[in-house]
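Descriptive structure summary
Residue-level listing of the chains:
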Amino acid sequence: MKNVGFIGVGYMGYGIAKNILKNKNNLFVIANKNRSPIEKIVNEGAVEVNSYEELCSKNLDCLFLCVTNTPIAHSIIEIISPLLNSDTVIIDITTHNQNGSIEANKIFKSKNISYIECPVMGGPVQAEEGVLGGIVGASEEDFKKAEIFLKAFCKDYFYFGEVGMGAKSKLLNNFLTLGNATLIVHMIKSAEKFNIDLKKLYDVARLGSGNSAALSRIFDNLLKNDYTGFKFTAKNSHKDLSYIQEMMSEMPDAEKLAKVTKDFYKDAIDNGNGESFISELIKK
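Throughout what follows, the structure given in this document is the object of discussion. Think of each chain on its own: its residues are numbered from 1, step by step along the sequence as written. Where totals are concerned, whole chains, interfaces and linings use all residues; where local detail is concerned, this predicted model gives features only for residues with pLDDT of at least 70, and gives and counts side-chain atom pairs only at 80 or more. Calculation of side-chain values draws on the structure's entire complement of heavy atoms; hydrogens and water are dropped beforehand.

**Focus on the overall build of the chain**
Only DSSP runs of H or I with at least four residues qualify as helices, and only runs of E with at least two residues qualify as strands; both kinds are numbered from the N terminus onward. Looking only at helices and strands, the chain has twelve helices and nine strands in total. Radius of gyration: over C-alpha atoms. The globule rule applied is 2.2 Å multiplied by the number of residues raised to the 0.38 power. The C-alpha atoms of the chain give 20 Å as radius of gyration, which agrees with the globular expectation for 284 residues (19 Å, within 12%). Reported as C-alpha extents along the three principal axes, the dimensions of the chain are approximately 60 × 45 × 35 Å. Counting all 284 residues of the chain, 51% fall into the buried class. Contact criterion: two residues are considered in contact whenever any of their non-hydrogen atoms come within 4.5 Å of each other. Across the chain, every contact between residues at least 6 apart in sequence was considered, and the portion connecting residues at least 24 apart equals 67%. Counting only carbon and sulfur atoms, one obtains 51% of the accessible surface of the chain, whose full area is about 13,600 Å². Buried means the residue's accessible area, taken with a 1.4 Å probe over protein chains only, is under 20% of the maximum for its type, while exposed means over 50%, and partly exposed covers the values in between. Using the Shrake-Rupley algorithm and a 1.4 Å probe, accessible areas are obtained, with residue cover drawn only from the displayed protein chains.

**Structural notes on helix 5 (residues 100–109)**
In an α-helix, one turn spans 3.6 residues, which is why side chains three or four residues apart end up on the same side. All buried positions along helix 5 are accounted for by Gly100, Ser101, Ala104, Asn105, Ile107 and Phe108. Angular distribution of buried residues about the axis of helix 5 spans 160 degrees; they occupy a single face of the element. When the buried face of helix 5 is taken as reference, the exposed residues oriented beyond 90 degrees from it are Lys106 and Lys109. The elements touched by buried residues of helix 5 are helix 4 (70–80), strand 5 (89–92), strand 6 (114–117) and helix 8 (165–193). Along the arc lie the directions from the helix axis toward the C-beta atoms.

**What to know about the pattern of salt bridges**
Salt bridges, as used here, are contacts in which a Lys or Arg side-chain nitrogen is within 4 Å of a carboxyl oxygen on Asp or Glu. Counted by the stated rule, this structure contains ten salt bridges. A salt bridge links Lys18 to Glu128; the shortest N-O distance between them is 3.2 Å. Separated by 110 residues along the polypeptide, Lys18 in helix 1 (residues 11–22) and Glu128 in helix 6 (residues 124–129) bring together distant segments of the chain. For Lys18, a relative accessible area of 22% gives the class partly exposed. For the salt bridge of Arg35 with Glu39, the shortest nitrogen-to-oxygen distance reads 3.7 Å. Separated by four residues within a single helix, Arg35 and Glu39 lie in helix 2 (residues 35–43), roughly one turn from each other. We classify Arg35 as partly exposed; its relative accessible area is 32%.

**Quick notes on the pairing of strand 9 (residues 154–159)**
In this description, strands pair whenever DSSP reports at least two bridges between them. Across five bridges, strand 8 (residues 132–136) lies against strand 9 in parallel orientation. Counterpart to Gly134 in the pairing with strand 9 is Tyr157. A clockwise course of the path from the first strand over the helix to the second, judged with the strands pointing away from the viewer, identifies a crossover as right-handed. For the crossover that starts at strand 8, traverses helix 7 (residues 140–153) and ends in the parallel strand 9, the hand is right-handed.

**Topic: a nonpolar patch on the surface**
Patches in this entry comprise residues that are over 30% relatively accessible and not in a salt bridge; like charges within 9 Å are linked, as are nonpolar side chains (Val, Leu, Ile, Met, Phe, Trp, Tyr) within 5 Å. Together, Phe158, Phe160 and Met165 give the surface a local cluster of nonpolar side chains, amounting to about 290 Å² of exposed area. With respect to the helices and strands, Met165 occurs in helix 8. We classify Met165 as partly exposed; its relative accessible area is 39%.

**Considering the packing of aromatic side chains**
Aromatic ring pairs are reported here in terms of the distance separating the ring centres and the angle at which the planes meet. To pair, rings of Phe, Tyr and Trp, with the six-membered ring standing in for Trp, must have centres within 6.5 Å; the planes then decide the type, stacked if under 30 degrees apart, edge-to-face if over 60, and tilted in the middle. Evaluated as defined, the whole model comprises eight aromatic pairs. For the ring pair Phe64 and Phe153, a centre distance of 5.7 Å and an interplane angle of 75 degrees mean the geometry is edge-to-face. Linking Phe64 in strand 4 (residues 62–65) with Phe153 in helix 7, this pair joins segments that are 89 residues apart in sequence. Ring geometry for Phe143 and Tyr159: centres 4.7 Å apart, planes at 5 degrees, overall stacked. In this pair, Phe143 is assigned in helix 7 and Tyr159 in strand 9, connecting sequence segments 16 residues apart. A relative accessible area of 30% places Tyr159 in the partly exposed class. Feature note: the residues Phe6, Phe64 and Phe153 constitute an aromatic cluster, connected by ring pairs. For a ring to carry a charge above it, either NZ of a lysine or CZ of an arginine must fall within 6 Å of the ring centroid while also lying within 35 degrees of the normal to the ring plane. Its guanidinium or amino end placed over the ring of Tyr202, Arg206 lies 4.4 Å from that ring's centre, counting from NZ or CZ. It is Arg217 that lies over the ring of Phe230; its NZ or CZ is 4.9 Å from the centre.

**Some remarks on the layout of surface pockets**
When its volume is computed, the second largest pocket comes out at roughly 220 Å³. In terms of lining, the second largest pocket is formed by 13 residues, of which the most central are Asn105, Lys109, Ser114, Ser139 and Asp142. If you list the elements that add at least two residues to the lining of the second largest pocket, you get helix 5, strand 6 and helix 7. Ranked by the residues each element gives to the lining of the second largest pocket, the list is headed by helix 7, at three residues. Here the residues of the lining of the second largest pocket are counted per class, giving three nonpolar, five polar and five charged. A 1.4 Å probe that fits into a set of points on a 1 Å grid over the protein atoms alone but cannot get out defines a cavity; an open set with protein on both sides within 12 Å along at least five of seven lines defines a pocket, and lining residues are those with an atom within 4 Å of a point. Grid points are joined across faces, edges and corners, and a volume is the space filled by probe spheres set on the points. Residues are grouped as follows: Ala, Val, Leu, Ile, Met, Phe, Trp, Tyr, Cys and Pro are nonpolar; Asp, Glu, Lys and Arg are charged; every other residue, Gly included, is polar.

Taken by themselves, the reported measurements are silent on function.
Written out as structure tokens, the structure reads:
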């Protein structure tokens, strides 16, 4: 039984935290703006603490970070790094910009604290089922320390090398995923304009090279009049695509594709739909 801290029990964090508990660990969580997942995980056995000082005093074997973006992660890291003991292993689930995890690692390294970046592929459902895909960047020594915890919530995980390689690999995966999902949204909006039968269009699409997890995730729910199949918000999509566009700055064609896709989500945010899921933008 290990003592595990968790910062960022939200849409994704809840499922990961739930699987940490399932593996018979002591789990300590800190409150955030979204009370619902905090209350759920506390009801399942986690202990809520009221401050970073209290969290870091729990003799933690591992501390998870699962927050919205690089600036938020860095602001938390600056607070907690002096409070932790050097035996704590940090596992950072945050999707960082291309240098965010590298900077985080420098801060923790100055305190002799092991840092592992592990952005994940999959959504809240996969998080609860414990079948996420982990994209790991760390030293080989730190990667081995983290494996006992990665096994709790990942179906599989892939070691890409030193810190920073995980973030870049995650952004490339999100480039594909978000691009694909955005094309599907526009395909459906166009089909509705041209009065094309969506069920038949889906059946045809599944037979060709356009078949994908995103296609199924959106269409399976859409055909039941449920527009929440792809549970990733316009705001988060815009953030990730901003990171991707920045990373692609020396590859003009890729950078242009990232910008066009990003601008679609910027328009959604400007129209008051920043918290809408990608699939909900079909009807916006």
